[in-house]
Amino acid sequence: MQATPEFDAEIMLNADVSIQGWAVAIATEANLLLEIGKHQEAKELLALQIPLFKQVAERWGKALINEENSYLSTAYRFTNSRFKNHIASERVERITEISLSDRTLSPDQIRSKKTNVDVEFEMSYSSAKFDQTWTHRQIAVAEYLDGLSELSARLEGLESFANLCESRGVKSSREILPGDDAEPGIYILSST
């Protein structure tokens, strides 16, 4: 079954479960290949699957960011003050990574987009047109798209890890990961 990207709760839920399952399958297979020292196979898998995954994320981004009001057809609409308690600026930046129309904008173009969004929300008709229900839908859209962007970034991180494993020539990825007896916390793997 192929889901057409659109703002529909049932379609989004089913697609989200499928997309997350796909990401888990890619990551699991790549991790298993790295664990048994098959770095090249892991890199090939990721090189094939990551672009496909990004295409799906970008299709959903395009469909959910598009608005009938062209000034609001941007991920930067989430920077407006009406969303400040719900959508962090970091989330907006992650969403722009899967928004084809937003990720290549210059700083001046971004400022212009944000200004247009702010002006649109200040117009006299905006309180009726962009009511609380609309705002809640936009918060849900932002959360959904941020999840897709995060999954894409995690797969890219795994690709970097596969490159590190290969460059170090380890027999298993476990050789460069902290062991079971390691202190809990965050570890940074140096490429040197």
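As shown above, the structure is provided for reference.
Residues numbered from 1 in each chain as written. Predicted model: local features only at pLDDT ≥ 70, side-chain atom pairs only at ≥ 80, totals over all residues. Heavy atoms only, no water.

1. With respect to the nonpolar core
Item 1. Counting 48 residues, the largest nonpolar core has I19, W60, F78, Y144, L145 and L148 as the members making the most contacts within it.
Item 2. Of all elements in the fold, only α1 (9-35), α2 (39-65), α3 (89-96), α4 (107-122) and α6 (132-168) reach the threshold of two or more residues within this core.
Item 3. Top element by residues in this core is α6. It accounts for 14 residues.
Item 4. In contact with W60, not counting residues within four places along its chain, are A3, T4, P5, E6, I11, M12, A15, I19, Y144, L145 and L148. (Core = buried A, V, L, I, M, F, W, Y, C linked by side-chain atoms within 4.5 Å. Buried < 20%, exposed > 50% of the residue type's maximum accessible area, 1.4 Å probe, protein only. Helix = DSSP H or I, 4+ residues; strand = E, 2+ residues; numbered from the N terminus. Contact = heavy atoms within 4.5 Å.)

2. Re the pattern of salt bridges
Item 1. What the rule picks out here adds up to 9 salt bridges.
Item 2. For the salt bridge of E156 with K54, the shortest nitrogen-to-oxygen distance reads 2.5 Å. Of the two residues, E156 sits in helix α6 while K54 sits in helix α2, which places them 102 residues apart along the sequence.
Item 3. Since its relative accessible area comes to 29%, E156 is described here as partly exposed.
Item 4. The class of K54 is partly exposed, set by a relative accessible area of 27%.
Item 5. R111 is the partner of D108 in a salt bridge, and the nearest nitrogen-oxygen pair spans 2.2 Å. Remark: R111 and D108 occur in helix α4; sequence separation between them is 3 residues, near one turn of the helix.
Item 6. Via salt bridges that share partners, R91, R94 and D146 belong to a single interconnected network. (Salt bridge = Lys/Arg side-chain N within 4 Å of Asp/Glu carboxyl O.)

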